[in-house]
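# Observations on chain architecture
Okay, here's what each chain looks like letter by letter:
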Amino acid sequence: MAATRVRFCLALLMLVASMAAWMMPSAVAGSRPPPNYADALSKCLLFYEGQRSGKLPPTQRVTWRKDSGLIDGQDAGVDLVGGYYDAGDNVKFGFPLAFTGTVLAWSIVEFSAEMGPELVHAHEALRWLTDYLLKATTQPNRVFVQSGEPFSDHSCWQRPEDMDTPRPSFQVNDTHPGSEVAGETAAALAAASIVFRSSDPAYADTLLSRAKQVTQSILVLEIYQGSYAESIGQWVCPFYCDISGYEDELVWGAAWLNRATNSSDYMEHIIHGIQQIQTQTKLRVNGYDWQFSWDNKDAGSYILLLLMQKTDDDYSRYAQNFACSLLPQSPYKSTEYTPGGLIHKASMANLQAVTALSFLLVVYGRHLSSVNGIVTCGNSQFPPSALIDLAKSQVDYILGDNPLNMSYMVGYGNKFPQRIHHRAASVPSVDQHPQHLWCKDGTPYYVTDAPNPNLLVGALSGGPNDGSDDYLDYRPWANQSEPATYMNAPFVGLLAYFSRYG
Ligand SMILES: *[C@@H]1O[C@H](CO)[C@@H](O)[C@H](O)[C@H]1NC(C)=O
Ligand SMILES: *[C@@H]1O[C@H](CO)[C@@H](O)[C@H](O)[C@H]1NC(C)=O
Ligand SMILES: *[C@@H]1O[C@H](CO)[C@@H](O)[C@H](O)[C@H]1NC(C)=O
Ligand SMILES: *[C@@H]1O[C@H](CO)[C@@H](O)[C@H](O)[C@H]1NC(C)=O
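Everything numeric in this text was worked out from a predicted model, so none of it was measured. In every chain, residue numbers begin from 1 and rise along the written sequence. Think of it this way: whatever chain is written first is A, whatever ligand is written first is 1, and the rest follow in order. The model is predicted, so local features are restricted to residues of pLDDT at least 70 and side-chain atom pairs to those at 80 or more, both for listing and for counting; the totals for chains, interfaces and linings are taken over all residues. Just so you know, side-chain values use all the structure's heavy atoms and leave hydrogens and water out.

### Quick word on the pattern of salt bridges
Pairing is possible between side chains that carry opposite charge, provided their charged atoms lie close to one another. Basically, it comes down to this: Any carboxyl oxygen of Asp or Glu that lies within 4 Å of a side-chain nitrogen of Lys or Arg is treated as forming a salt bridge with it. Note on conventions: DSSP H or I runs of at least 4 residues are helices, E runs of at least 2 residues are strands, and numbering of each starts at the N terminus. Remark: exposure states derive from per-residue accessible area (1.4 Å probe, protein chains only) relative to the maximum for the residue type, with buried under 20%, exposed over 50%, and partly exposed in between.
Counted according to the given criterion, the structure contains 20 salt bridges. Notably, a salt bridge pairs Lys-43 with Asp-39, separated by 3.1 Å at the nearest N-O pair. Taken together, the positions of Lys-43 and Asp-39, both in helix H2 (residues 37–50) and four residues apart, correspond to about one turn of that helix. On the accessibility criterion, Lys-43 (16% relative accessible area) is buried.

### What to know about the packing of aromatic side chains
Basically, it comes down to this: For Phe, Tyr and Trp, rings pair up if their centres lie within 6.5 Å, where Trp contributes its six-membered ring, and each pair is then called stacked (planes under 30 degrees apart), edge-to-face (over 60) or tilted (otherwise). When the NZ atom of lysine or the CZ atom of arginine is within 6 Å of a ring's centre and also within 35 degrees of its normal, the charge is said to sit over that ring.
Taken as a whole and judged by the stated rule, the model has 33 aromatic pairs. Here Phe-95 and Trp-294 contribute two aromatic rings whose centre-to-centre distance is 6.0 Å and whose plane-to-plane angle is 80°, an arrangement assigned as edge-to-face. Taken as a pair, Phe-95 in helix H3 (residues 94–111) and Trp-294 in the loop between helix H10 (267–280) and helix H11 (298–308) lie far apart in primary sequence, 199 residues in all. Relative to Trp-290, the ring of Tyr-288 lies with its centre 5.1 Å away and its plane at 90°, an arrangement referred to as edge-to-face. Assessed through its relative accessible area of 1%, Trp-290 is described here as buried. One aromatic cluster in this structure is built from Tyr-37, Phe-99, Trp-106, Phe-111, Trp-252, Trp-256, Phe-292, Phe-359, Tyr-497, Phe-498 and Tyr-501. The ring of Tyr-203 has Arg-127 sitting right over it, with the charged end atom 3.8 Å from the ring centre.

### Comments concerning empty space enclosed by the protein
To be explicit about the condition: A pocket, in this scheme, is an open set of points on a 1 Å grid over the protein atoms alone with protein on both sides within 12 Å along at least 5 of 7 lines, while a cavity is a set where a 1.4 Å probe fits but cannot get out; residues line either one if an atom lies within 4 Å of a point. Grid points are joined across faces, edges and corners, and a volume is the space filled by probe spheres set on the points. Amino acid classes used here: Ala, Val, Leu, Ile, Met, Phe, Trp, Tyr, Cys and Pro are nonpolar; Asp, Glu, Lys and Arg are charged; the rest, including Gly, are polar.
Applying the stated criterion across every chain, the model contains nine cavities of 30 Å³ or more. The space that makes up the largest cavity amounts to roughly 100 Å³. Around the largest cavity, the lining residues are Asn-141, Arg-142, Val-143, Val-172, Asn-173, Asp-174, Pro-177, Gly-178, Ala-182, Ser-217, Ile-218 and Tyr-224. Taken together, the elements giving at least two residues each to the lining of the largest cavity come down to strand S2 (142–147), strand S3 (169–173) and helix H7 (201–220). Considered class by class, the residues forming the lining of the largest cavity number six nonpolar, four polar and two charged.

### Some remarks on the side chain of Thr-185
Let me state the cut-off plainly: Throughout, a contact is declared for two residues whenever any of their heavy atoms are within 4.5 Å.
Examined against the element boundaries, Thr-185 turns out to sit in helix H6 (residues 179–196). Not counting the four nearest positions on each side in its chain, Thr-185 is found in contact with Ala-98, Leu-133, Thr-137 and Val-143.

### Quick word on the site of ligand 2
The condition that has to hold: Near residues are defined by distance, with any heavy atom within 4 Å of the molecule or strand qualifying the residue. In these tables, accessible area is a Shrake-Rupley quantity obtained with a 1.4 Å probe, and a residue counts as shielded only by the protein chains included in the view.
What surrounds ligand 2 is the set Arg-197, Ala-260 and Asn-262. Calculation on ligand 2 without its partners gives an accessible area of 360 Å², and the protein chains cover 38% of this total.

### Focus on the packing of H10 against H11
Between two packed helices, the angle of one axis relative to the other and the distance separating the axes together describe the packing. We apply this condition: Whenever a helix is involved, its axis is fitted only over the stretch in contact; in every case the axis is a line through C-alpha atoms, and angles between N-to-C directions fall within 0 to 180 degrees. A clockwise turn of the near helix away from the far one marks a right-handed crossing, whereas an anticlockwise turn of less than a right angle marks a left-handed crossing.
Running from amino to carboxyl end, H10 crosses H11 at an angle of 145°, the nearest separation of the two axes being 13 Å. Crossing hand, H10 versus H11: left-handed. In this structure, H10 contributes Ile-270, Ile-274 and Ile-277 to the contact, and H11 contributes Asp-298, Tyr-302 and Leu-305. Partitioning the contact of H10 with H11 into residue classes produces five nonpolar, no polar and one charged.

### Re the state of the cysteines
Threshold: Throughout, a disulfide means two cysteine sulfur atoms within 2.5 Å of one another.
Using the criterion set out here, one finds three disulfides in the structure. Disulfide partner of Cys-156: Cys-439, at an S-S distance of 2.2 Å. Torsion about the S-S bond of the Cys-156 and Cys-439 cystine: about -100°, corresponding to left-handed handedness. Here the residue Cys-156 occupies a position in the loop between helix H5 (150–155) and S3, and Cys-439 occupies one in the loop between helix H15 (423–426) and helix H16 (443–447), the gap between them amounting to 283 residues. Its relative accessible area of 5% is what places Cys-156 among the buried residues. Relative accessible area serves as the criterion here: at 19%, Cys-439 is assigned to the buried category. Disulfide pairing places Cys-237 opposite Cys-241 at an S-S distance of 2.1 Å. Disulfide Cys-237-Cys-241: the torsion about the S-S bond is 100°, which places it as right-handed. A relative accessible area of 25% means that Cys-237 is categorised as partly exposed.

### With respect to the pairing of S2
Quick reminder of the rule: A pair of strands is treated as paired once DSSP finds two or more bridges between them.
Counting buried positions over the six residues of S2 gives five, a clear majority of the element. Strand direction decides the pairing type here: S2 and S3, joined by five bridges, are antiparallel. The residue bridging Phe-144 from the neighbouring strand is Gln-171, located in S3.

### Things to note about the sheet that holds S3
The three strands are arranged S1-S2-S3 in an open sheet whose pairing can be described as antiparallel. Edge strands, defined here as strands with exactly one partner in the open sheet, are strand S1 (92–93) and S3. Of the strand pairs in this sheet, S1 and S2 are connected by two bridges, and their pairing is antiparallel. Pairing of Lys-92 across the sheet is with Ser-147, part of S2.

### A look at the confidence of the model for the protein chain
Under the convention used in this document: Residue-level confidence of the predictor is summarised by pLDDT, bounded by 0 at the bottom and 100 at the top.
In this model, the protein chain carries a mean pLDDT of 92, and residues with pLDDT of at least 70 account for 92%. Confidence over residues 1–29 falls short of pLDDT 50; this stretch has 28 contacts with residues more than four positions distant or in other chains.

### Regarding helix H14 (residues 384–398)
How we decide: One fewer than the residue count of a helix, multiplied by 1.5 Å, yields its expected span.
Compared with the 21 Å implied by 1.5 Å per residue over 15 residues, the 22 Å span of H14 between its first and last C-alpha is a close match. Burial analysis of H14 places 11 of its 15 residues in the buried class, the great majority of the element. Where H14 is concerned, the buried positions are Pro-384, Ala-386, Leu-387, Ile-388, Leu-390, Ala-391, Gln-394, Val-395, Asp-396, Tyr-397 and Ile-398. Backbone geometry just after H14 places Gly-400 at a positive phi near 125°.

This is the structure:
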């Protein structure tokens, strides 16, 4: 199947004869070695150093990257230096960035005991992000939600170190709300406060009080609710539009606040938010198409609330429905799989869905084990191990157990993507090419079929995305070849878990 599709695509692209070479399998895999989850974990975290914006510290291990984005915030008279570039571009998109922070924090909250020597790097990766979120939330009733003008950024193929496209700072505030991005920012700050609670209590206190401040303005002052797409418009949406509405972020943010404060202070907001969501979706119906992504937090919220078990309610039913929608043997399965067994949910960066859903399967499966629970889907019942095994099959697929024998993590295994859609990785580094490269100077490095000169070790590519197991290692197809910060965040937790129990 794979070969047919590759040949078909090849035929389409015959015009560009020189491109053909990169479609041939570059290594013949013999018998497959077992996955090295610990090695993958270490690389998965290293990826975040390659995405860093701002002034790099002496401990920076990805040394081909240099300082960049040093004027971010200046237009608004604030300091927004730092944080992460979102994906293969140089914009700091606050909504998916905050989701990355929440899930990275959740990975650490659940699996710090399994991280071994990588725990320190996990803390560093998270703190680089939360330091930025603290800068973005210094003023009450104002959250800076983006640095960088996306249209001009996307029209250049330029190293972050050379960036000369406009760097406007976008905000939401008391006249222009953005409940989804503020809710996610509160969630990230609260979740991170749990991570740092014992190692740095003062920092944890700062994060938590900031989370409360942000939450105060969106939950308690409900007149300020609204979507950032309305308030900011084209600069944030079509890029990261909150299709699912902002109620899920309000529930999610409130749930993380409760967990971080060991309280039920925000329970009424959670109940109210869930009622709102239920009027719009069919969560209770068998086979509902559950999501967990930077856009949609529903599955994550209910599983988080189930772990907290503060009230007697529907969370367990929702969590079972979620599992029933995924388990291949479930009568209520609503999830597509490729012939090789990979979840197929998204045509853009499919692995973001694979890693996020698998993360929830492990978190939920572990919880079920601890309470001797099972999942019931109609007349079928599944033990917790069924959820864990499904997650493991997804992780193993990503690490090379797939029809192409290819790892989808750059630098992991002996066959992995060589041409990810990533400006910094594909243009020669400042060390190799010290002269400034202007906006269009990068184009030859974008169109060439040569491998990227810089290995962005640990980056996951978007992976197979059309329902088959095929993959073209082709830079211009961003839907397959672009990495993103939110793809790695749940993978950190998964790799930690399987490095101990795989
Ligand atoms: C509030 O946010 C809007 C939308 O980002 C912006 O245009 C406006 O200038 C901000 N208001 C203030 C007082 O900064
Ligand atoms: C919440 O409870 C945990 C576990 O008992 C404790 O370690 C932590 O300090 C508490 N957090 C707060 C903010 O009180
Ligand atoms: C993948 O590896 C298996 C052996 O593990 C081999 O039979 C198969 O031909 C390989 N496929 C490709 C596309 O290299
Ligand atoms: C991915 O992008 C390419 C180029 O725009 C397009 O031809 C292809 O159909 C896309 N694939 C999917 C599954 O959307």
